[in-house]
Amino acid sequence: MTTTSVEEIKQGSQRLRGSLLESLADPVTGALREDDQTLIKYHGSYQQDDRDVREARRLAKLEPAYSFMIRTRTPGGVVTPGQWLKLDAIATAFAERGLRITTRQAFQFHGVIKTGLKATMQAINAALIDTLAACGDVNRNVAMAANPLQSRAHAAVHAHAAAVSAHLLPNTRAYYEIWLDEERIAGSGEESEPIYGNAYLPRKFKIGFAIPPCNDVDVFAQDLGFIAIVEDGQLRGYNVSIGGGMGATHGDAETYPRLGDTIGFIAPEQLIAIAEAVVTAQRDYGNRAVRKRARLKYTIDDRGLDWFKTEVERRAGFSLLPPRPFAFRHNGDRFGWIEGEDGRAHLTLRIPAGRIVDGALDGRGEEVRHLSGLREIARLLETHTAGAELRMTPNQNLVIAGIETNLRARIDALAAEYGLDGYRNASPLRRHALACVALPTCGLAMAEAERYLPDFVAKLETLLARHGIADAPIHLRISGCPNGCSRPYLGEIALIGKAPGRYNLMLGADHRGQRLNALYRENIDEARILDALDPLLADYARQRGPDERFGDFLVRRAIVAIAQRRAGKIIPIEHISAETEP
Ligand code: SRM
Ligand code: SF4
């Protein structure tokens, strides 16, 4: 859809209502009217069709097998055991393919048909979770460090993430009228939107909070990142990073992944003002003429980082202080049990590509029942331990959090019974691998990702084992297209879908989320990907330094020529050390 038509649809939508009610009521088709397909995104849903059967249905002169993906708004990815059980029941009743944890700590339900859409939305809201603004040109689900190791700071940061999420919600009552039957009152359709205005933002907007030393949210991939500065267990404030983003288009040099620039430090009480200032500056100066160039990263590169920072400070009414020192040691998740400051325990489980279903195969070819297993764990938590939570991670995994130590053995037993203990024996490669949804639901996928991940990991594991480095903690990320939903440009090895069975091979990111990778081979199939990796892994096995990671090795040996963008300028990698903080 062109930029103009998206801008026109937003403005003419009576605050995101459009003709959604009429579209939903139309019994003739499983689809929505075209404009409503844009508007429903702001309500947290996408119209999709099953691409596995698209061609067969076309030949049979049937309309595509339309269904809807629904995405929750769950800031920081936290749900109670009771909410988990309700979401599980909704997935079982209305959706295909179980529950799906996303790379932004939300749930997605796939395969909900139009006639079941409203009932599904109502059931989600009855679980005290909503889907408002989970998609669309607004602030999306606010991502936050999921590992509760540093629990006091973690609780404070979570409260801030939730407050920012609430502050940036649209004011429109459209969501409540359409899905929850709220009565339409005088003035509806003209609600004041002081943050968003009539046309909302030029493009999607993403915020993430990281707590060093863990960069599990990949904070520099966010439009707006907050890096918690914690001293003596106390949260002092945040370093602010702006202009991160992953999405690109094959063959279009005007689009590119970019890491955020750290522009200063703020106190916790300045958080909302800064978030609002960045969002409204992007609202007013983002590129509404060219949709592919509408993200904040391009606004900053087009107008200059200093200019943008000054504009943000003017809107906020104060100046940022110089950034405080911090150090990330890793991105990705840490698996297994840890104990928190309050003596409670937390278990991080590996959920392959975030897909929670019964009947999937694990790495050893055995069938696992993750949906049933997590149901049993949630039931146990609901009845036996107050304050326990299930926390989705930004890497599609799940933390069973806040557990009384006397329940650990029972949870371990359930995890083993249902195949949820894969994190124990899986290779580091497998534990950390990410893949976006891609086929069959994603309309933009050019190649497989989630469904291909287990096969490709198994082949790469064989290669690693052949070189005697089966335990190398290499971060692999696969995306079905260059939009980068698995944040692949931050993978030490990444495959970016180009065509069915063909990928661009990207190499050389670090493992802290601070260095982008670079293109190594273009548009190659699996055999050539493995051929390309084979000698590199052989060299790595022979010549790596102590604790040297694969991405760092490739950069040190100049095997990939990485150039990074900083403040809009392209800087060759020789001027960037692995320790440099963006
Ligand atoms: Fe994404 C579009 C799935 C995280 C960048 N993304 C899509 C759509 C909605 C396809 C579409 O527009 O028709 C995908 C739906 C697939 C499906 O069938 O479910 C989709 N994105 C996902 C999820 C589910 C991937 C996953 O496997 O977990 C993630 C949901 C996050 C959430 O809960 O809100 C998801 N998407 C991301 C991320 C990672 C992140 O945010 O940390 C990125 C890269 C960061 C960024 O935004 O730059 C990302 N998605 C995109 C883009 C490229 C945006 C751009 O700047 O060009 C698109 C395409 C677009 O917006 O036009 C896209
Ligand atoms: Fe779809 Fe591309 Fe995102 Fe994968 S990266 S979910 S293929 S838009």
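A.B. asks: So, the overall build of the protein chain: which residues are in play, and what are the values?
C.D. replies: Scanning the protein chain from terminus to terminus reveals 18 helices and 24 strands. By the compact-globule yardstick of 25 Å for 582 residues, the protein chain fits well, its C-alpha radius of gyration being 23 Å. Dimensions of the protein chain along its principal axes, counting C-alpha atoms only, are 70 × 55 × 55 Å. Restricting the contact set of the protein chain to residue pairs at least 6 apart, pairs at least 24 apart contribute 67%. Looking at the protein chain as shown, the accessible area adds up to about 22,100 Å², and 50% of this sits on carbon and sulfur atoms.

A.B. asks: Can you break down the site of ligand 2 residue by residue, with the values?
C.D. replies: In the neighbourhood of ligand 2, the contacting residues comprise Cys436, Val437, Ala438, Cys442, Leu444, Ala445, Ser479, Gly480, Cys481, Asn483, Gly484 and Cys485. Split into classes, the residues belonging to the shell around ligand 2 amount to eight nonpolar, four polar and no charged.

A.B. asks: So what's going on with the coordination of the iron atom of ligand 1? Which residues, and what values?
C.D. replies: Ideal donor angles around a metal are set by the shape: a four-donor tetrahedron calls for 109.5 degrees, a six-donor octahedron for 90 or 180 degrees. Inspection of the coordination sphere of the iron atom of ligand 1 shows a single protein donor, Cys485 (SG), at 2.3 Å. Tracing the backbone through its elements, the reader meets Cys485 in the loop between strand E19 (476-479) and strand E20 (493-499).

A.B. asks: Account for the pairing of E20, naming residues and giving values.
C.D. replies: A regular strand carries its side chains on alternate faces of the sheet. The element E20 is extensively covered by neighbouring structure, given that five of its seven residues are classed as buried. Where E20 meets strand E21 (residues 502-507), six bridges bridge the pair, whose relative direction is antiparallel. Bridging across to E21, Ala494 finds its partner in Met506. Taking the residues that link successive antiparallel strands as the turn, the E20-E21 hairpin has two residues, and the phi of Gly501 there is positive, at about 75 degrees.

A.B. asks: Requested: an account of the environment of Gly508, with residues and values cited.
C.D. replies: Looking at the secondary structure, you find Gly508 in the loop between E21 and strand E22 (518-524). Along the chain, Gly508 and Ala494 lie 14 residues apart, while their C-alpha atoms are 9.0 Å from each other.

A.B. asks: How would you summarise the packing of aromatic side chains if you had to cite specific residues and measurements?
C.D. replies: The final tally for this structure, using the stated rule, is 16 aromatic pairs. Between Tyr175 and Tyr176, the ring centres sit 5.4 Å apart and the planes meet at 80 degrees, which makes this aromatic pair edge-to-face. The exposure class assigned to Tyr175 is buried, which follows from its relative accessible area of 1%. Joined through ring pairs, the aromatic side chains of Tyr42, Tyr196 and Tyr200 make up one cluster. Note that Arg303 overlies the ring of Trp307, its terminal NZ or CZ placed 5.2 Å from the centroid. We note Arg324 situated over the ring of Phe265; from NZ or CZ to the ring centre the distance is 4.0 Å.

A.B. asks: Account for the pattern of salt bridges, naming residues and giving values.
C.D. replies: One pass over the structure, following the stated rule, counts 44 salt bridges. For Arg295, the salt bridge identified is with Asp223, shortest N-O distance 2.8 Å. Of this pair, Arg295 sits in the loop between helix H9 (271-285) and helix H10 (296-303) while Asp223 sits in the loop between strand E7 (207-210) and strand E8 (224-231), placing them 72 residues apart in sequence. On the basis of relative accessibility, which here comes to 12%, the residue Arg295 falls in the buried class. Overlapping salt bridges, with partners in common, bring together Glu7, Lys10, Asp137, Arg288 and Arg291 in one network.

A.B. asks: Can you explain the site of ligand 1? Please cite residues and give values.
C.D. replies: Near ligand 1, the surroundings consist of 29 residues, among which Thr102, Gln108, Thr441, Cys485 and Arg487 are the closest. Here Arg487 contributes a side-chain N or O atom positioned 2.7 Å from an oxygen atom of ligand 1. Of the residues belonging to the shell around ligand 1, the class tally is ten nonpolar, eleven polar and eight charged.

A.B. asks: How would you sum up the nonpolar core? Please name residues and give values.
C.D. replies: Core analysis: the biggest nonpolar cluster contains 100 residues, and Phe209, Phe226 and Ile400 have the highest contact counts within it. Of all the elements, H9 adds the most residues to this core, at seven residues. Contact partners of Ile400, with chain neighbours within four places excluded, come to Ala345, His346, Leu347, Leu349, Leu374, Ile377, Leu381, Glu389, Leu390 and Ile411.

A.B. asks: I'd like to hear about the sheet that holds strand E4 (residues 96-101), residue by residue, with values.
C.D. replies: Taken together, the five strands give an open sheet; going across it, the order is E1-E2-E5-E4-E13, and neighbouring strands pair in antiparallel fashion. Of all the strands in the sheet, the pair left with one neighbour each is strand E1 (45-49) and strand E13 (355-356). One ladder, built from three bridges, connects E4 with strand E5 (residues 107-112); its direction is antiparallel. Note that in E5 the partner of Ile101 across the bridge is Phe107. Running at roughly 20 degrees to E5, helix H5 (residues 81-94) makes contact with E4, E5 and E13 of the sheet.

A.B. asks: Lay out unusual backbone geometry in plain terms, naming residues and giving numbers.
C.D. replies: Of note, the bond from Pro212 into Pro213 is cis; its omega dihedral lies within 30 degrees of zero at 15 degrees. Assignment of secondary structure puts Pro213 in the loop between E7 and E8. Omega for the peptide link from Leu439 to Pro440 comes to 10 degrees, which places this bond in the cis form. For Pro440, the position within the fold is in the loop between strand E18 (434-435) and helix H16 (453-466). Notably, Asp181 is not glycine yet its phi reads approximately 60 degrees, a positive angle. Relative to the assigned elements, Asp181 resides in the loop between helix H8 (174-180) and E7. The exposure class of Asp181 is exposed, given its relative accessible area of 53%. Phi angles above zero are rare outside glycine, and Ala558 is one such case at about 55 degrees. Mapping Ala558 onto the fold places it in the loop between helix H18 (550-556) and strand E23 (563-566).

Cut-offs applied
- Residues numbered from 1 in each chain as written.
- Chains lettered and ligands numbered in written order.
- Predicted model: local features only at pLDDT ≥ 70, side-chain atom pairs only at ≥ 80, totals over all residues.
- Heavy atoms only, no water.
- Helix = DSSP H or I, 4+ residues; strand = E, 2+ residues; numbered from the N terminus.
- Rg over C-alpha atoms; globule rule 2.2 N^0.38 Å.
- Contact = heavy atoms within 4.5 Å.
- Areas by Shrake-Rupley, 256 points an atom, 1.4 Å probe, with all protein chains shown as cover.
- Near = heavy atom within 4 Å.
- Nonpolar A, V, L, I, M, F, W, Y, C, P; charged D, E, K, R; others polar.
- Donors = N, O, S within 2.8 Å, 3.2 Å for Na, K, Ca; no water.
- Buried < 20%, exposed > 50% of the residue type's maximum accessible area, 1.4 Å probe, protein only.
- Pairing = 2+ DSSP bridges.
- Phe/Tyr/Trp six-rings, centres within 6.5 Å; stacked < 30°, edge-to-face > 60°.
- Lys NZ or Arg CZ within 6 Å of the ring centre and 35° of its normal.
- Salt bridge = Lys/Arg side-chain N within 4 Å of Asp/Glu carboxyl O.
- Polar contact = N/O pair within 3.5 Å; in protein donor to acceptor, adjacent residues only side chain to side chain.
- Core = buried A, V, L, I, M, F, W, Y, C linked by side-chain atoms within 4.5 Å.
- Axes fitted to C-alpha atoms, helices over the stretch in contact; angles between N-to-C directions.

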